[in-house]
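# Remarks on the overall topology
Each chain is listed here by its residues.
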Amino acid sequence: MKLKNTKSLLGMLLLFVALMLAACSGGDDDNASTDANDSDGGDDVSSDEDSTGGILVFARGGDSTSLDPSRTTEGETFKVTKNIYESIVTFEEGGTEIVPKLAHDWEISEDSLTYTFFLEEGVTFHDGTDFNADAVVKNFERWAAGDADTFPYYNSMFGGFEGDEGHVIESVKAEDDYTVVFKLKRPQAPFLKNLAMDMFSIASPTAIEKYGDDDFERNPVGTGPFKFVEWKPNDSITIERYDDYWVDGLPKMDKVVFRSIPDNSARLNALLAGEVDLADGINPSDAAAIQDNADLQLIERPSMNVGYLGLTVTREPFDNKLVRQAMNHAIDKQSIIDTFFAGYATPAVNPMPPSIEGYNDEIEGYEYDPEKAKELLEEAGYGDGFEMELWAMPVPRPYMPDGQKVAELMQKDLADVGITAEIVSHEWATYLDLASKGEADAFLLGWTGDNGDPDNFLYVLLDEDNIGSNNYTYYKNDKMHDLFIEAQTVTDQSKRNELYKEAQVIINEEAPWVPLAHSTPLLGAVEGLSGLVPHPTGSDLLSNVEVDRE
Amino acid sequence: MANPARNIDELETTDPKQTRGPWREAWYEFKKNKIAVVGFCIVLFFILLAIFAPWIAKEGINAQETADRLLPPSAEYWLGTDDFGRDILSRIIYGARISLWVGFSAVIGSVIVGSILGIIAGYYGRWVDTIISRFFDIMLAFPSILLAIAIVAVLGPSLQNALIAIAIINVPNFGRLIRSKVLSIKEDEYITAAKGIGMRDIRILFSHILPNSMAPVIVQGTLAIATAILEAAALGFLGLGAQPPSPEWGKMLADSKDYLQSAPWTMIFPGLAIMLTVLGFNLMGDGLRDAMDPKMKS
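Nothing here was measured: the structure is a model prediction, and the numbers come from that model. (Residues numbered from 1 in each chain as written. Chains lettered and ligands numbered in written order. Predicted model: local features only at pLDDT ≥ 70, side-chain atom pairs only at ≥ 80, totals over all residues. Heavy atoms only, no water.)

### Regarding the overall build of chain B
Our working rule: Helix numbers and strand numbers start at the N terminus; a helix is a DSSP run of H or I with at least 4 residues, a strand a run of E with at least 2. Per-residue accessibility, obtained with a 1.4 Å probe over protein chains only, is compared with the maximum for each type, and a residue is labelled buried under 20%, exposed over 50%, and partly exposed between these values. Residue contacts follow a heavy-atom distance rule, with two residues in contact if any of their heavy atoms lie within 4.5 Å.
Broken down by element type, chain B carries 13 helices and zero strands. The helix and strand sequence of chain B, counted from the amino end, reads α-α-α-α-α-α-α-α-α-α-α-α-α. Oriented by its inertia axes, the alpha-carbon framework of chain B measures out at about 75 × 45 × 30 Å. Looking at chain B as a whole, 49% of its 298 residues qualify as buried. Considering only contacts in chain B between residues 6 or more positions apart, those separated by 24 or more positions represent 69%.

Have a look at this one:
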């Protein structure tokens, strides 16, 4: 028995040493097996490449919820549909200025109530039918006849559905085959920007009729550079080159495969292993590793987002303005950015990023000052501090790479001023649901702009109209509401900017949020990839992308 | 504690060990087993760490020195720092408190509940036995970690709830063990004798049957502490156990997984701490089994 034990001890020690070694040399092992994979993959692709443009594999954090962009507000969908469908007008490359797309030109009447679009001729849908004014009309009729369940973004952008008091669009008519006229009930300043949003891309009316609403979202048919091939839920979506695409020479790739890899580290590993060519949602802490790797390049997406700590103003003690201001003074944004954004962010002052027109740069915001925070708490009657729940999202988001860790830093900042914060987390869907019901004391959240308009941040996130949907703080201010509604109808841009600047002063004073950071989302790609201009909205057109594999 | 059954056996075998009591004898056997002693020393080491944590570890294990984040092991930080700039060594020392506390109390909890249910099932038999045993079977049909996750999901994530969940999932193991032991003991002569002189059930159960069923429970309990520590770490890793900023080892692993490539020490040391403690309890448990189980004696 003694002998047996000695043997087993030896065996265990050996195993232990082997494990240690394996752990230490893990990186090398990975690389070794990777190289093998890489050369295999490379061979496959290059044999394809001789005749064509090859396959692009794009790894991202989640699957799409639908392939009919009008039926969702969720970003992973638009990453794919941006390449299948096109809208009447679109955003410029890498920015939010409006440029022509399916309409090559347009006219706006003096009173800003009539928009006439002149459409491109010779454009066809992937099912072979012609794109024309009739198709545009049918798409808008379909959305206007819907409800908030089927088309959740249409009503927030166009004020409601057909028959609703606030519905902005009076009529959409085809004047001839290639001219469409929109008549509005009242001027809407961001109307063109709204039309350019991915959710209002034009789909083939024939295909919608053929499949019906529910099947159409799994059989998308648009006019874009790529057509749909296959969707394996939670695994991949494949699209391929549309040979009759109306712009000559595009797209450059033959096929694009969107793979879902939820874990950030696993996605990075897939990129390192050469299994994918392009990956988004790179952890800021991994940026240096990509830059140091000669086979990879780091791509920065222009920032158009905000990460914030929302304070639910209907809950004690955040119903007290002084407490909310104290929270703003208590949290050290710079330390959060240095630690968990690896510097790829700027501290936020206002609820929208400085790149957006109408940003009020005269507001200085709340500097990090624990003493001041304590004074304000004293004044508010919470000199001994209080206990609160601090909600942190369980998933990495573009505006917040690691909510849990950020919350842990805040927990310590808050402890310094006497506030005891308990970090709470729920599964992501539950988290959003409970927070939207106002059940969180304070919660981490963020927003990526969809059209580059201040309305898309300030009104959507903080107006009383959006309490219960995107206004999670339940903050309500009549004066601010009037400013927002006025800004929506005024079409003079400088006047609008003044209104939004005024609203930002109110928000700063009332402090329903602790604005944290405007982050720079990061993408990683193989060195040979070119032609990608990352768009601030987070969905990228891939028609110009090429991959050069030596 | 007298053990009539064994004394009778030993009288028959005229073994020189007969002069020692069964517990001393077990200790003697245990000491002869070098590997078990190694395990015992590891366990003792971590227990001492846990007890004297405030004197050994640096002050302010939750103090965040973000300027010093992710530093490799050095003279100042023996095991390096984590992503908040906290000293990993100090956190591991305090983590020993959490893990051992969870391990011991979860197992004690399940031993108490399991023993009561097991004794009742084994002693009374018939329909009581059927109900309790089927209940154990149902619980054992679930993969234990899945059951623990479900329990924590209902109770809400916290260290205390993780402890309760681990205690609950271990109940059937102890219950079945005691039940089978009771089934064999209750046929022994001394129980029949006790019944014959009119001793009440409660007294028979607690002063004869329970003490005589304890040996396998101690062995199983030691091994179960190892499992409980692992399960607590797993729940912590999934964010269902200890909540930040507590330095629970599983949580430390989860917090560091993004730095596996850039700062491996943030994962290796908490991982090693888990591995060593579990190894210690397992070696010790094996040694105890050899020492306490008469069938294993050579």
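Continuing now.
### Some thoughts on the pairing of strand β19 (residues 522-526) of chain A
All names here are of chain A. The cut-off we apply is this: The pairing criterion is simple: DSSP has to find at least two bridges between the two strands.
Counting buried residues along β19, five of its five residues qualify, which places the element largely inside the surrounding structure. Note: strand β12 (residues 296-300) against β19, five bridges, orientation antiparallel. From the neighbouring strand, E300 faces β19, where its bridge partner is L522.

### Here's the deal with the environment of Y399(A)
All names here are of chain A. Following the sequence through the fold, Y399 ends up in the loop between β15 (387-391) and α13 (403-416). Along the chain, Y399 and F341 lie 58 residues apart, while their C-alpha atoms are 9.4 Å from each other. When neighbours within four sequence positions are excluded, Y399 is seen to be in contact with N305, V306, G307, F341, M393, W428, L445, G446, W447, T448 and S519.

### Some points on the interface of chain A and chain B
To keep things clear, this is the line we draw: By buried area we mean how much accessible surface two parts lose on assembly, using a 1.4 Å probe and totalling the loss over both. A pairing counts as a salt bridge when a side-chain nitrogen of Lys or Arg comes within 4 Å of a carboxyl oxygen of Asp or Glu. Distance and chemistry together define a polar contact, namely a pair of N or O atoms within 3.5 Å, with one atom able to donate a hydrogen and the other to accept it when in protein, and with adjacent residues in sequence counting only for side-chain atoms on both sides. As a working rule, the residues Ala, Val, Leu, Ile, Met, Phe, Trp, Tyr, Cys and Pro are called nonpolar, Asp, Glu, Lys and Arg charged, and the rest polar, with Gly in that last group.
With 26 residues of chain A at the interface, the matching set in chain B holds 21 residues. At the boundary of chain A with chain B, total buried surface from both sides reaches about 2,200 Å², with 57% on carbon and sulfur atoms. For the pair chain A and chain B, the interface holds two salt bridges. Linking chain A with chain B are five residue pairs in polar contact (both at pLDDT 80 or more). Element by element, the count of residues in the side of chain A that touches chain B is highest for helix α1 (residues 2-24) of chain A, at seven residues. Of the residues contributing to the side of chain A that touches chain B, the split by class is nine nonpolar, ten polar and seven charged.

### As for the pattern of salt bridges
In total, this model carries 34 salt bridges over all chains according to the counting rule given. Between D83(B) and K405(A) there is a salt bridge, with its nearest N and O atoms 2.6 Å apart. With D83(B) in the loop between α4 (53-56) and α5 (88-124) and K405(A) in helix α13, the pair connects residues from two separate chains. On the basis of relative accessible area, D83(B) is assigned to the buried category, the value being 2%. K405(A) gets classed as buried once you look at its relative accessible area, which sits at 3%. Its salt-bridge partner being D453(A), residue R496(A) comes within 2.9 Å of it at the nearest N-O pair. Taken as a pair, R496(A) in helix α17 (residues 493-510) and D453(A) in the loop between β17 (442-448) and α15 (458-462) lie far apart in primary sequence, 43 residues in all. Each member of the pair, R496(A) together with D453(A), is buried.

### Quick look at the packing of aromatic side chains
All names here are of chain A. Our working rule: Working definition: rings of Phe, Tyr and Trp (its six-membered ring) pair if their centres are within 6.5 Å, and the pair is stacked with planes under 30 degrees apart, edge-to-face with planes over 60 apart, and tilted otherwise.
In the structure shown here, the tally under the stated rule is 37 aromatic pairs over all chains. Taken together, a centroid distance of 5.7 Å and an interplanar angle of 50° make the contact between W391 and Y431 tilted. Taken together, the residues span a long stretch of sequence, with W391 in strand β15 and Y431 in helix α14 (residues 428-436) at a distance of 40 residues. Y431 carries the same exposure label as W391, and that label is buried. Ring centres of F443 and Y472 lie 6.0 Å apart, and the angle between their planes is 55°; on these two criteria the pair is classed as tilted. Note that F443 is positioned in strand β17 and Y472 in the loop between α15 and α16 (478-489), a separation of 29 residues in sequence. A residue is classified by how much of its surface remains accessible, and Y472, at 10% relative accessible area, is buried.

### A look at the sheet that holds strand β18 (residues 513-519) of chain A
Residue and element names in this part refer to chain A. Convention followed: Helix axes are fitted only over the stretch in contact, all axes being lines through C-alpha atoms; the angle between N-to-C directions runs from 0 to 180 degrees.
Pairing is mixed in the open sheet, where six strands are placed in the order β14-β18-β13-β17-β15-β16. Of all the strands in the sheet, the pair left with one neighbour each is β14 (345-347) and β16 (420-424). Taking each pair of neighbouring strands and ignoring which way they run, the sheet shows an average axis angle of 25°. As defined by bridge partners, strand β13 (residues 305-311) adjoins β18 across four bridges and the pair is classed as antiparallel.

### Quick look at the confidence of the model for chain B
All names here are of chain B. Applied cut-off: Across the chain, each position has a pLDDT score giving the predictor's confidence in that residue, from 0 to 100.
Summarising the model, chain B shows a mean pLDDT of 86, and 91% of its residues fall at 70 or more. Ranking the elements of chain B by mean pLDDT puts helix α1 (residues 4-13) last, at 48, and helix α3 (residues 34-51) first, at 94. A low-confidence stretch, residues 5-14 stays under pLDDT 50, and its non-local contacts, those more than four residues away or across chains, total eight contacts. Note on the complex model: pTM 0.75, ipTM 0.71.

### As for the UniProt feature "transmembrane region" (unreviewed entry) in chain B
Residue and element names in this part refer to chain B. Here is the rule: UniProt positions are given in the numbering used here, feature names are shortened, and annotations may be inferred rather than shown by experiment.
Per the UniProt entry, the sites bearing "transmembrane region" (unreviewed entry) are residues 35-57, 98-123, 135-156, 217-242 and 262-285 in this numbering. For residues 35-57, the helix share is 91%, the strand share is 0%, and the end-to-end C-alpha distance is 29 Å. Between the C-alpha atoms that bound residues 98-123 there is a distance of 37 Å. The span itself is 100% helix and 0% strand.

### Points about the sheet that holds strand β6 (residues 169-176) of chain A
Residue and element names in this part refer to chain A. Pairing is antiparallel across the open sheet formed by four strands, whose spatial order is β4-β5-β7-β6. Bordering the open sheet on either side are β4 (103-108) and β6, each of which pairs with just one other strand. Between one strand and the next, the sheet's axes are offset by a mean angle of 20°, whatever the strand orientation. The sheet contact formed by β4 and strand β5 (residues 114-119) spans five bridges and is antiparallel. Counted as the bridge partner of A103 is L119 from β5. Seen against the sheet, helix α4 (residues 133-144) touches β5, β6 and β7 (179-184) and runs at an angle of roughly 160° to β6.

### Digging into the UniProt feature "domain: ABC transmembrane type-1" (unreviewed entry) in chain B
UniProt feature "domain: ABC transmembrane type-1" (unreviewed entry): in the numbering of this structure it lies at residues 96-285 of chain B. In the segment residues 96-285 of chain B, helix accounts for 83% and strand for 0%; the C-alpha atoms at its two ends are 19 Å apart.

### Digging into the packing of α5(B) against helix α11 (residues 214-237) of chain B
To describe two helices that pack against each other, one gives the angle between their axes and the distance between the axes. Residues and elements named next belong to chain B. Let me state the cut-off plainly: The labels follow the angle: roughly parallel below 35 degrees, roughly antiparallel above 145, roughly perpendicular from 65 to 115, and oblique for the rest. For a crossing to be left-handed, the near helix must be turned anticlockwise from the far one by less than a right angle; the clockwise case is right-handed.
In the contact formed by α5 and α11, the axes pass within 8 Å of each other and the chain directions differ by 135°. By the angle between their axes, α5 is oblique relative to α11. Crossing hand, α5 versus α11: right-handed. Of the residues in α11, those in contact with S99, L100, V102, G103, F104, V107, V111 and S115 of α5 are M214, V217, G221, A224, I225, A228, I229 and A232. Taken together, the residues of the contact of α5 with α11 sort by class into twelve nonpolar, four polar and no charged.

### Digging into the pairing of strand β8 (residues 226-232) of chain A
All names here are of chain A. As judged from the six bridges shared by β8 and strand β9 (residues 236-241), these two strands associate in the antiparallel manner. Following the sheet pairing, K232 is matched in β9 by S236. Hairpin connection of β8 to β9: three residues between the antiparallel strands, including N234 at a positive phi of 60°.

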